[in-house]
Amino acid sequence: MKKLSLLVGGLILSTAVMAQKPDASVHNTLEGLINWNTSTLSFTSPSIRYRYFVQDNIAVRVTLGVHNSSSTDNFFEFGDGTGGTGSFENKSSNLNFSIGGEYHFGGTDRLSPYAGLDIMLGSGKVTTDGTNSDGVSFIDTYTETSEAKSSMFGVNLVAGTDYYFAENFYLGLELGLGWTSNTQKEGEATTGFGGTTTKSVTAESKSSGINTGAVGSFRLGWRF
């Protein structure tokens, strides 16, 4: 058993020692990203990225991120949890897509620093659904539903590095800073109370600007 452990350890160590950047004959990489927003000091939705190395130092890339979440709050007619009950559900879904390119600098045998540019697109939707509640308290016979969609377009400058810790496997770090334009599309809400139904519309709005905080990514990838 001891000899087997030494053999396995030796193989792992030799693989790490011999690790170096692949050449242009190894075109593809696939990686997972955990994203970090330095403005809010919080993690955002993870994403995946595919890259194709056209040359040793030039790669094109496509990134896809999907995030879905939902929460339900329950309400009671009386403070002791008795009487009627109500609930209010919030759901959100977001899809982000970007396409771009990277230029890799000389670096070292294992380290491959790069700079690049992404064109970003995104869409999202937020819905609510309340029964006997407005999301704040219990209200008997009250109902509420709403839906609001959004879209995003942006340009992002990035800088990062790949570090090959084993043959064809790398860890990476990337920072991005760019400009985005967001559109909050026309939303609609429907409420019902005592047999009366009311519909309301929220007007479309737009905003744009330069990101005030960089978005960082911690990356783990495989080149094949």
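Side note on the overall build of the protein chain
- In terms of helices and strands, the protein chain carries one helix and 11 strands.
- Helices (α) and strands (β) of the protein chain occur, in sequence order from the N terminus, as α-β-β-β-β-β-β-β-β-β-β-β.
- Per-residue burial for the protein chain yields a buried fraction of 29% across its 224 residues.
- Look at the contacts in the protein chain between residues 6 or more apart in sequence, and 64% of them connect residues 24 or more apart.

What about the packing of aromatic side chains?
- The tally for this structure, following the rule as stated, stands at five aromatic pairs.
- Between the aromatic rings of Y103 and F105, the centroid separation amounts to 5.3 Å while the plane-to-plane angle is 75 degrees, which identifies the pairing as edge-to-face.
- Assessed through its relative accessible area of 40%, Y103 is described here as partly exposed.
- F105 gets classed as partly exposed once you look at its relative accessible area, which sits at 43%.
- Over the aromatic face of F53 sits the side chain of R223, whose NZ or CZ is 3.9 Å from the ring centroid.

Looking at the layout of surface pockets
- There is about 970 Å³ of room inside the largest pocket.
- In terms of lining, the largest pocket is formed by 42 residues, of which the most central are T44, N96, M120, M152 and V215.
- Per element, the largest residue contribution to the lining of the largest pocket is eight residues, and it comes from strand β7 (residues 169-184).
- Its residues placed into classes, the lining of the largest pocket shows 10 nonpolar, 27 polar and five charged.

Considering a negative patch on the surface
- Residues E147, E186, E188 and E204 make up a contiguous surface patch of negative charge.
- Tracing the backbone through its elements, the reader meets E188 in strand β8 (residues 187-193).
- We classify E188 as partly exposed; its relative accessible area is 46%.

Considering the confidence of the model for the protein chain
- When pLDDT is averaged across the protein chain, the result is 89; 88% of the residues are at 70 or more.
- Scored below 50 in pLDDT, residues 1-17 makes five contacts in the model with residues more than four places away or belonging to other chains.

Quick word on the pattern of salt bridges
- On inspection of all chains with the given rule, the structure shows 10 salt bridges.
- Note that E31 is salt-bridged to R51, the shortest N-O span being 3.9 Å. You can see E31 sitting in strand β1 (residues 28-37) and its partner R51 sitting in strand β2 (residues 42-55), a full 20 residues away along the chain.
- The salt bridge partner of E102 is R61, with a shortest N-O separation of 2.8 Å. Of the two residues, E102 sits in strand β4 (residues 85-104) while R61 sits in strand β3 (residues 58-76), which places them 41 residues apart along the sequence. Across this residue pair, the class does not change: E102 and R61 are buried.
- When salt bridges that share partners are traced, they join E31, R49, R51, R61, E102, D118, D162, E174 and R219 into one network.

Let's talk about a positive patch on the surface
- A surface patch of like charges, here positive, comprises K91, K125, K149 and K185.
- As for its position among the elements, K91 is in strand β4.

Some words on unusual backbone geometry
- Despite not being glycine, N132 shows a phi value in the positive range, around 60 degrees.
- Its identity as a non-glycine residue notwithstanding, N168 has a phi of 70 degrees, on the positive side.
- Secondary-structure assignment places N168 in the loop between β6 (138-166) and β7.

What about the side chain of E144?
- Mapped onto the elements, E144 comes out in strand β6.
- No salt bridge forms around the buried E144; measuring N to O, its nearest opposite-charge neighbour K199 is 15 Å away.
- At 2.7 Å, the side chain of E144 and the side chain of Y142 are in polar contact.
- Those residues in contact with E144 that lie beyond four places of it in its chain are F88, T128, D129, G130, D134, T190 and T191.

So, how was this worked out
- Residues numbered from 1 in each chain as written.
- Predicted model: local features only at pLDDT ≥ 70, side-chain atom pairs only at ≥ 80, totals over all residues.
- Heavy atoms only, no water.
- Helix = DSSP H or I, 4+ residues; strand = E, 2+ residues; numbered from the N terminus.
- Buried < 20%, exposed > 50% of the residue type's maximum accessible area, 1.4 Å probe, protein only.
- Contact = heavy atoms within 4.5 Å.
- Phe/Tyr/Trp six-rings, centres within 6.5 Å; stacked < 30°, edge-to-face > 60°.
- Lys NZ or Arg CZ within 6 Å of the ring centre and 35° of its normal.
- 1 Å grid on protein atoms, 1.4 Å probe; cavity = no way out; pocket = protein on both sides within 12 Å on 5 of 7 lines; lining within 4 Å.
- Points joined across faces, edges and corners; volume = space filled by probe spheres on them.
- Nonpolar A, V, L, I, M, F, W, Y, C, P; charged D, E, K, R; others polar.
- Patch = residues over 30% accessible without salt bridge, like charges linked within 9 Å, V, L, I, M, F, W, Y side chains within 5 Å.
- Areas by Shrake-Rupley, 256 points an atom, 1.4 Å probe, with all protein chains shown as cover.
- Salt bridge = Lys/Arg side-chain N within 4 Å of Asp/Glu carboxyl O.
- Lys, Arg positive; Asp, Glu negative; His and termini not counted.
- Charge placed at Lys NZ, Arg CZ, Asp CG, Glu CD.
- pLDDT = per-residue confidence, 0-100.
- Polar contact = N/O pair within 3.5 Å; in protein donor to acceptor, adjacent residues only side chain to side chain.

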